[in-house]
Amino acid sequence: MQLLIRGGRVVDPAQGVDDRLDLLIQDGKILRLGRDLAAPDAQILNAGGLTAAPGLVDIHVHLREPGFEAKETVSTGCAAAARGGVTTLVAMPNTRPAADCPEVVQLVRDKAAPTRINVLPAGAVTLGQKGEQLTDFAALKAAGVPALTDDGVPIQNLALLRRALLEAKRLNLPLLDHCEDRDMVQNYAVNEGAVSRRLGLPGRPAVAEELQIMRDVMLAEDTGAHVHICHISTAKGVDIVRQAKARGVHVTCETCPQYFTLTEDEILRQGTMARVNPPLRTQADVDGIRAGLADGTIDAIVTDHAPHTAGEKSKPLPDAPSGMVGLETSLALALTGLYHTGLLPLARVLALMSASPAALLGLDKGTLAAGRDADLILFDPDQEWIIDKTKFASKGRNTPFHGRTVRGRVKYTISRGTIIYQEG
């Protein structure tokens, strides 16, 4: 079966393509790009006025299943991904049981299969994410994990972490690290600074993140392993990565829309909806994140999609869990905050959300090249709309962006040649 997408602007950063072209899909693969393609028996999809781009690749998502299905399931999380234009995602291992063995990895993959979203569970670095005993990295790699991470419980034992990096390097697996010193941040709710002082709460200092980024950079330099810094949030953290890259250290990093869009002041307006780890920082940090995106220091934009129940988020600020959902809003927020402000060209925004994260983890995704999987989105980069959390496909409604006007709307999401989401 053939699908012919006609008349759209095709932007494929991986190939350097930005032109008005037709796109022909056959048997789930990209057959060719070109002008005025003829395919008499193909289903025609008119893309006039729309932009066609590779499906988004989000390498930091919490699907919650198994164990926390009240927050999200693989099915609802994948439905949210489809609505946001995400066709490939990496699921974090902080489930119950944790994804620390091939059986749990396969369980998540099996649950994702009917959704047609390409879900790749990351494997835990330590058993139960307890930071005590390394998992069987080779077995996890054989089960298909693209990376290793203990996610929100970063390893504090440096000897164990160094051993993990040496083994990960041997197997050519990146290690994704949430950089916050646990003793310094405890379970504190907000950034240490003006807002924490105003609220009379202990804060999470920026240096707790920056010290662990520096630690990871030094270990990456020592071992030669690939360390990827998760959801970087401080200007100094970006500068540490920038300097390390200049020395040739194999370190990469990601950030999220909240860190180039919101400041710690959002806590005063929205309370727990703006509670996230690492916390929202200062305007100077937001500016530093934007500079890191502009100069290429930051390699990817991810969501850290972290759904929680309404009951959990209704608790007092010090007691509520951290995290916000993002799969359905990430493209619009990135376009609004980076492209429509003139900070980044459209192709660069799309690269940060598709080709670059795919390349970081060695995934055969993020391009519309002939012969590759037909994973793509059609979107209107200019359409204004208002984010409405009551219409999310995700079970999570915990977003600080409810009611915000944004520009950029996904119209179709196509996975391996099949339309899995169409607006309306």
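In short, a report on the structure. Keep in mind the model is a prediction, meaning the values are calculated, not measured.

What follows is about the packing of helix α8 (residues 235–246) against helix α11 (residues 283–295). Between α8 and α11, the shortest axis-to-axis distance is 7 Å and the interhelical angle comes to 30 degrees. Taken as axis vectors, α8 and α11 run roughly parallel relative to one another. Residues Ala-235, Val-238 and Arg-242 of α8 form the contact with α11, whose own contacting residues are Ala-284, Asp-285, Gly-288, Ile-289, Ala-291, Gly-292 and Asp-295. Broken down by class, the residue content of the contact of α8 with α11 amounts to five nonpolar, two polar and three charged.

Right, let's talk about empty space enclosed by the protein for a bit. A full pass over the atoms with the stated rule returns six cavities of 30 Å³ or more. Of the volumes computed, that of the largest cavity is approximately 60 Å³. In this structure, the largest cavity is lined by Pro-257, Gln-258, Val-302, Thr-303, Met-324, Val-325, Gly-326, Thr-329, Ser-330, Leu-333 and Phe-401. Where the lining of the largest cavity is concerned, the elements lending two or more residues are α9 (257–261) and α13 (330–339). When grouped by side-chain class, the residues that make up the lining of the largest cavity number six nonpolar, five polar and no charged.

Further remarks concern the pairing of strand β7 (residues 86–91). For β7, the tally of buried residues reaches six of six residues, placing the bulk of the element in the interior. Here strand β6 (residues 56–61) runs beside β7; their pairing, made up of four bridges, is parallel. In the sheet register, Asp-58 faces β7, and the bridge partner there is Leu-89. Each parallel crossover has a hand, and for β6 linked through helix α1 (residues 74–84) to β7 it is right-handed. Here β7 runs beside strand β8 (residues 118–121); their pairing, made up of four bridges, is parallel. In the sheet register, Val-90 faces β8, and the bridge partner there is Leu-120.

The next subject is the environment of Gly-77. As for its placement among the helices and strands, Gly-77 is situated in helix α1. Looking at Gly-77, the relative accessible area reads 0%, which means it is buried. Taking the C-alpha atoms as reference points, Gly-77 and Glu-65, separated by 12 residues in sequence, lie 9.5 Å from one another. Those residues within four positions of Gly-77 in sequence are excluded, and the remaining contacts are Leu-63, Glu-72 and Leu-327.

Spatial strand order, β9-β10-β13-β14-β15: five strands in an open sheet with parallel pairing. Edge strands, defined here as strands with exactly one partner in the open sheet, are β9 (148–149) and β15 (300–301). Each of β13 (227–229) and β14 (251–255) is contacted by α8, which is oriented at about 150 degrees to β14, the strand it contacts most.

Moving on: the pattern of salt bridges. Under the criterion given, the structure shown has 24 salt bridges. The closest approach of N and O atoms between Asp-18 and Arg-9, which form a salt bridge, is 2.8 Å. Its salt-bridge partner being Arg-35, residue Asp-19 comes within 2.6 Å of it at the nearest N-O pair. Here Asp-19, found in strand β2 (residues 17–26), pairs with Arg-35, found in the loop between β3 (29–34) and β4 (43–46); they are 16 residues apart in sequence, far enough to count as distant. Using a relative accessible area of 29% as the deciding quantity, one classes Asp-19 as partly exposed.

With that settled, the discussion passes to the packing of α13 against helix α14 (residues 346–353). Across the interface, α13 lies against α14 with an axial gap of 10 Å and an inter-helix angle of 140 degrees. Taken together, the axes of α13 and α14 lie oblique to each other. Relative to α14, the crossing made by α13 is right-handed. When α13 is examined against α14, the residues Ser-330, Leu-331, Ala-334, Leu-335, Leu-338 and Tyr-339 are found in contact with a partner set consisting of Leu-346, Val-349, Leu-350 and Met-353. Split by residue class, the contact of α13 with α14 holds nine nonpolar, one polar and no charged.

What counts and how
- Residues numbered from 1 in each chain as written.
- Predicted model: local features only at pLDDT ≥ 70, side-chain atom pairs only at ≥ 80, totals over all residues.
- Heavy atoms only, no water.
- Axes fitted to C-alpha atoms, helices over the stretch in contact; angles between N-to-C directions.
- Helix = DSSP H or I, 4+ residues; strand = E, 2+ residues; numbered from the N terminus.
- Parallel < 35°, antiparallel > 145°, perpendicular 65-115°, else oblique.
- Contact = heavy atoms within 4.5 Å.
- Nonpolar A, V, L, I, M, F, W, Y, C, P; charged D, E, K, R; others polar.
- 1 Å grid on protein atoms, 1.4 Å probe; cavity = no way out; pocket = protein on both sides within 12 Å on 5 of 7 lines; lining within 4 Å.
- Points joined across faces, edges and corners; volume = space filled by probe spheres on them.
- Buried < 20%, exposed > 50% of the residue type's maximum accessible area, 1.4 Å probe, protein only.
- Pairing = 2+ DSSP bridges.
- Right-handed = clockwise from strand over helix to strand, strands pointing away.
- Salt bridge = Lys/Arg side-chain N within 4 Å of Asp/Glu carboxyl O.
- Left-handed = near helix turned anticlockwise from the far one by under 90°.

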